[in-house]
Protein chains: 2
Amino acid sequence: MAINTVSQVVPSPAEDAAALLKAFQVNNDLCQLFCGPGWGTDEQAVIAILARRDATQRKQISLTYEQMYNEGLLQRLQSELSGDFERAMCQWILGPDERQAVIANAAMKCIQEEYPVIIEIACANSSEELIAVKKAYHVLYKCSLEEDVAAGTTGNLRSLLLALVSTYRYDGNDVNMGLAKSEAKIVHEAVRNGTLDHQELVRIVGTRSKAQLKATFSCFKDEHSRSITKALLHASDPTCYLRALRTTVRCIADENKYFAKQVLRNATREAGTDEDTLTRVVVMHAEKDLKGICGAFQKRTSVTLEQVIAKETSGDYRSFLMALLGS
Amino acid sequence: MAINTVSQVVPSPAEDAAALLKAFQVNNDLCQLFCGPGWGTDEQAVIAILARRDATQRKQISLTYEQMYNEGLLQRLQSELSGDFERAMCQWILGPDERQAVIANAAMKCIQEEYPVIIEIACANSSEELIAVKKAYHVLYKCSLEEDVAAGTTGNLRSLLLALVSTYRYDGNDVNMGLAKSEAKIVHEAVRNGTLDHQELVRIVGTRSKAQLKATFSCFKDEHSRSITKALLHASDPTCYLRALRTTVRCIADENKYFAKQVLRNATREAGTDEDTLTRVVVMHAEKDLKGICGAFQKRTSVTLEQVIAKETSGDYRSFLMALLGS
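Note that the structure is a prediction, hence the values are computed from the model and not measured. (Residues numbered from 1 in each chain as written. Chains lettered and ligands numbered in written order. Predicted model: local features only at pLDDT ≥ 70, side-chain atom pairs only at ≥ 80, totals over all residues. Heavy atoms only, no water.)

### Some thoughts on the overall build of chain A
Okay, so step 1: When its secondary structure is counted, chain A shows 21 helices and zero strands.
Okay, so step 2: A compact globule built from 327 residues would reach a C-alpha radius of gyration of about 20 Å, and chain A, at 22 Å, matches this within 12%.
Okay, so step 3: Principal-axis analysis of the C-alpha atoms places the extent of chain A at approximately 70 × 45 × 35 Å.
Okay, so step 4: Taking all 327 residues of chain A together, 52% fall into the buried category.
Okay, so step 5: Nonlocal contacts in chain A, meaning residues at least 24 apart in sequence, comprise 70% of its contacts between residues at least 6 apart.
Okay, so step 6: Each charge class in chain A was averaged separately, 38 positive and 41 negative side chains, and the resulting centres sit 8 Å apart. (Helix = DSSP H or I, 4+ residues; strand = E, 2+ residues; numbered from the N terminus. Rg over C-alpha atoms; globule rule 2.2 N^0.38 Å. Buried < 20%, exposed > 50% of the residue type's maximum accessible area, 1.4 Å probe, protein only. Contact = heavy atoms within 4.5 Å. Lys, Arg positive; Asp, Glu negative; His and termini not counted. Charge placed at Lys NZ, Arg CZ, Asp CG, Glu CD.)

In structure tokens, the structure reads:
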């Protein structure tokens with residue numbers, strides 16, 4: 001469930017565009033002389049406007065701003081803001097499909113480390129949402145997400161990631177329990193012999209519906225008294241394929257738990273906060289399922305995500321994330 | 001290009017539905033007593049109506065018929081018609097997405113023989129058209145085309161077919177000639193050593209845009225003075241994977257030539273016409289690119305498709321195909 005941060009009554013896009021320009025120009029006359037462009041921005045005003053508008057409203061504001069002032073809002077934000085705040089706001093200003101296409105493309109540059117981003121985009125979206133992201137990818141990069149994933153990877157990791165980004169899963173809730181049992185057995189065989197029949201593993205996680213896979217994972221646990229991810233710990237693999245497979249299983253089995261435990265907890269508890277990951281999760285899920293992720297986070301850490309963000313971040317970046325969290 | 005067989009001025013769906021019912025009931029009073037249902041159908045009237053309506057109009061007629069007479073038009077056609085004519089008309093009455101989903105599902109039952117059907121659906125549709133077929137597959141079969149293809153195949157054939165039905169190709173015409181050259185080299189290496197690095201072959205044909213692949217195939221031919229399909233003839237493979245790979249290359253390289261030469265010519269020249277294949281191509285392409293296929297057919301056989309159909313088929317089935325061909 002999304003956290004509702006949108007203002008009930010909003011000004012017109014033209015009024016918002018004018019207010020943004022004003023925020024960019026605070027003290028600008030003096031500052032342009034002494035500090036260069038961007039210094040005199042009223043960041044709090046920018047947050048107060050944009051964090052409280054939904055995707056459709058933000059798109060309207062962007063279009064109107066460009067028509068009124070003959071410059072792109074995204075480009076102006078890039079020149080006025082900086083650091084983590086700039087990166088977060090520039091992701092936020094994009095529509096959800098375009099944003100995910102941009103994030104996926106950036107992850108491609110270091111896919112051995114960033115493969116969880118690709119897995120999240122492939123597995124935490126519905127089939128329709130994933131197609132919309134892939135359509136945006138075509139428009140932006142004149143090629144498909146599939147060919148970039150395939151060209152940037154090899155071996156089993158390629159098979160897995162390519163299957164995940166390609167597949168158009170059935171989104172229904174129908175579950176075939178007989179199939180779940182027989183495929184839990186196939187997974188067990190594949191994991192047990194240590195050599196891993198990755199073809200079968202990839203076929204199953206890459207084609208079955210999420211509801212069906214949850215049933216398969218559950219059958220596996222009932223039968224073998226441990227989860228698939230635990231069982232995979234004992235298999236050996238020199239590449240990051242097995243880690244990617246465990247990430248996939250976790251993301252499909254329980255999205256909220258995955259984002260709370262595997263992503264946000266790791267991004268905020270280790271020495272030095274991983275701001276890029278924190279931004280990605282908060283911005284990408286703010287209008288979708290952030291409430292569920294926050295609930296799962298609190299359950300596992302006994303503190304709220306707001307408390308952690310307040311402690312681990314600062315300045316306008318903190319204000320912006322807090323605004324997206326509804327604080 | 002489609003052959004325009006649609007009437008310029010059409011009756012309302014209710015008038016068409018009434019005319020169809022009348023065609024089903026010709027001599028029915030007498031026939032029901034002596035010959036059972038279906039015997040007294042005026043097939044020529046059915047053809048005259050349905051072959052001259054486009055997909056949207058046929059859908060409207062189906063809906064209206066069901067509302068007016070409380071029975072499905074498809075079911076009534078199945079009970080009134082028979083043989084190849086029945087199968088052709090029952091495919092025709094469906095919308096293009098649903099029709100292809102049904103045809104793909106039927107091919108799944110004997111995929112070692114019917115894999116060309118899956119390849120055609122995957123490669124002769126645009127990315128948007130393929131997604132629409134996959135959506136229809138979800139609705140009809142409560143599972144994805146991907147999982148049925150994967151579950152029904154193994155080894156390299158599975159990798160290839162799964163890649164083809166999954167991928168959401170970039171549909172643009174942009175071509176990277178450097179990439180085409182380097183991937184033509186990869187294909188050459190894969191084919192030359194006889195063992196076939198199928199992973200690379202499948203990655204290339206399964207992810208690149210059709211425009212890019214045409215350029216790659218063309219580079220291969222320029223460099224090695226023979227086509228990829230000819231080069232693949234010399235590789236050995238005990239399964240039908242290599243044949244499927246050649247079918248894929250042909251279908252992507254030149255759709256019209258593929259349907260004319262590989263599909264229609266084979267379906268009509270061997271001892272005994274393959275009516276199922278003939279029906280599939282004519283019905284599936286009548287509203288799309290049949291004109292181009294007919295042109296390619298005539299170029300390669302020196303006779304028109306109409307002439308061959310007139311010679312090789314008979315009765316209502318022949319009348320119906322001829323009507324779809326615009327005769």
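### Let's talk about the relation of the copies chain A and chain B
Okay, so step 1: Structural alignment of chain A on chain B gives an RMSD of 0.0 Å, achieved by rotating through 180 degrees and translating 0.1 Å along the axis. What the superposition gives is, in effect, a two-fold axis relating one chain to the other. Closest approach to the rotation axis within chain A is made by the C-alpha atom of S166 of chain A, at a distance of 2.6 Å. (Least-squares fit on C-alpha atoms with pLDDT ≥ 70 in both.)

### Observations regarding the side chain of R203 of chain A
Okay, so step 1: The topology assignment puts R203 of chain A in helix α13 (residues 198-207).
Okay, so step 2: For R203 of chain A, the side chain forms a polar contact with the side chain of E200 of chain A, separated by 3.2 Å.
Okay, so step 3: Dropping the residues within four chain positions of it, R203 of chain A is found in contact with E183, I186 and R208 of chain A together with A150, A151 and R158 of chain B. (Polar contact = N/O pair within 3.5 Å; in protein donor to acceptor, adjacent residues only side chain to side chain.)

### Examining helix α20 (residues 305-312) of chain B
For an α-helix, the turn length of 3.6 residues means that residues three or four places apart are oriented alike.
All names here are of chain B.
Okay, so step 1: The complete set of buried residues in α20 reads L305, V308 and I309. Buried residues of α20, seen end-on, are gathered within an arc of 95 degrees and therefore sit on one face of the element.
Okay, so step 2: Contacts made by the buried residues of α20 are with α17 (255-269), α18 (275-285), α19 (290-301) and α21 (315-324). (Arc of directions from axis to C-beta.)

### Description of the pattern of salt bridges
Okay, so step 1: In the structure shown here, the tally under the stated rule is 32 salt bridges over all chains.
Okay, so step 2: Put simply, D276 of chain A and R87 of chain A hold a salt bridge, and the shortest N to O gap is 3.6 Å. Of this pair, D276 of chain A sits in helix α18 (residues 275-285) while R87 of chain A is found in helix α6 (residues 83-92), placing the two residues 189 residues apart along the sequence.
Okay, so step 3: Here K311 of chain A and E312 of chain A are joined by a salt bridge, their closest N and O atoms 3.6 Å apart.
Okay, so step 4: Through salt bridges with shared partners, a single ionic network connects E147 and R158 of chain A together with E183, E200, R203 and R208 of chain B. (Salt bridge = Lys/Arg side-chain N within 4 Å of Asp/Glu carboxyl O.)

### Description of the interface of chain A and chain B
Okay, so step 1: Each side of the interface is counted separately: chain A has 29 residues, and chain B has 29 residues.
Okay, so step 2: Between chain A and chain B the total buried area reaches about 2400 Å² when both faces are included, carbon and sulfur atoms providing 54% of it.
Okay, so step 3: Ranking the residues of chain A by area buried against chain B places E147, Y168 and Y170 of chain A at the top, with a combined share of 27%.
Okay, so step 4: Put simply, chain A and chain B have six salt bridges between them.
Okay, so step 5: For the interface between chain A and chain B, the tally reads ten residue pairs in polar contact (both at pLDDT 80 or more). (Buried area = accessible area lost by both parts, 1.4 Å probe.)

### Side note on α21 of chain B
Residue and element names in this part refer to chain B.
Okay, so step 1: Y317, F320, L321, M322, A323 and L324 are the residues of α21 that are buried.
Okay, so step 2: Buried-residue contacts for α21 involve α3 (43-50), α6 (83-92), α18, α19 and α20.
Okay, so step 3: At the exit of α21 stands G326, carrying a positive phi of roughly 90 degrees.

### With respect to the environment of I93 of chain B
Residue and element names in this part refer to chain B.
Okay, so step 1: By the secondary structure assignment, I93 is in the loop between α6 and α7 (96-107).
Okay, so step 2: The class for I93 is buried, based on a relative accessible area of 7%.
Okay, so step 3: Each C-alpha atom of the pair I93 and S62 lies 8.0 Å from the other, and the pair is 31 residues apart in sequence.
Okay, so step 4: Beyond its immediate sequence surroundings of up to four residues, I93 is in contact with L50, R58, S62, L73, L74 and L77.

### Quick notes on the nonpolar core
Okay, so step 1: Formed by 102 residues in total, the largest nonpolar core has its most connected members in L50, L77, M89 and F320 of chain A.
Okay, so step 2: Leave out the neighbours within four places in its chain, and M89 of chain A touches V46, I47, L50, L77, L81 and F320 of chain A.
Okay, so step 3: Among the nonpolar cores identified, the runner-up in size contains 101 residues, and A88, L232, I293 and Y317 of chain B belong to it. (Core = buried A, V, L, I, M, F, W, Y, C linked by side-chain atoms within 4.5 Å.)

### Focus on the packing of helix α17 (residues 255-269) of chain A against helix α19 (residues 290-301) of chain A
Residue and element names in this part refer to chain A.
Okay, so step 1: Viewed as axis vectors pointing N to C, α17 and α19 meet at an angle of 65 degrees, and their least axial separation amounts to 8 Å. α17 and α19 meet at a crossing whose hand is right-handed. Facing α17, whose interface residues are N256, K257, F259, A260, K261, L264, R265 and T268, α19 presents G292, I293, A296, F297, R300 and T301.
Okay, so step 2: Among the residues forming the contact of α17 with α19, the class breakdown is six nonpolar, four polar and four charged. (Axes fitted to C-alpha atoms, helices over the stretch in contact; angles between N-to-C directions. Left-handed = near helix turned anticlockwise from the far one by under 90°. Nonpolar A, V, L, I, M, F, W, Y, C, P; charged D, E, K, R; others polar.)

### With respect to the environment of L179 of chain B
All names here are of chain B.
Okay, so step 1: Here L179 is to be found in helix α12 (residues 177-192).
Okay, so step 2: Measuring from C-alpha to C-alpha, the distance between L179 and A215 comes to 9.2 Å, with 36 residues separating the pair along the chain.
Okay, so step 3: L179 has contacts with R208 and Q212, leaving out every residue within four places of it along the chain.

### Observations concerning the confidence of the model for chain A
Residue and element names in this part refer to chain A.
Okay, so step 1: Mean pLDDT for chain A: 91, with 93% of residues reaching 70 or above.
Okay, so step 2: Looking across chain A, the model is least confident in helix α2 (residues 28-34), with a mean pLDDT of 55, and most confident in helix α9 (residues 127-141), with 98.
Okay, so step 3: Quick note on the complex model: pTM equals 0.91, ipTM equals 0.88. (pLDDT = per-residue confidence, 0-100.)

### Some words on the side chain of H285 of chain B
Residues and elements named next belong to chain B.
Okay, so step 1: By secondary structure assignment, the location of H285 is in helix α18.
Okay, so step 2: Here the side chain of H285 touches D289 through a polar contact of 2.6 Å, side chain to side chain.
Okay, so step 3: Sequence-distant contacts of H285, defined by excluding residues within four places in its chain, comprise F259, L290 and I293.

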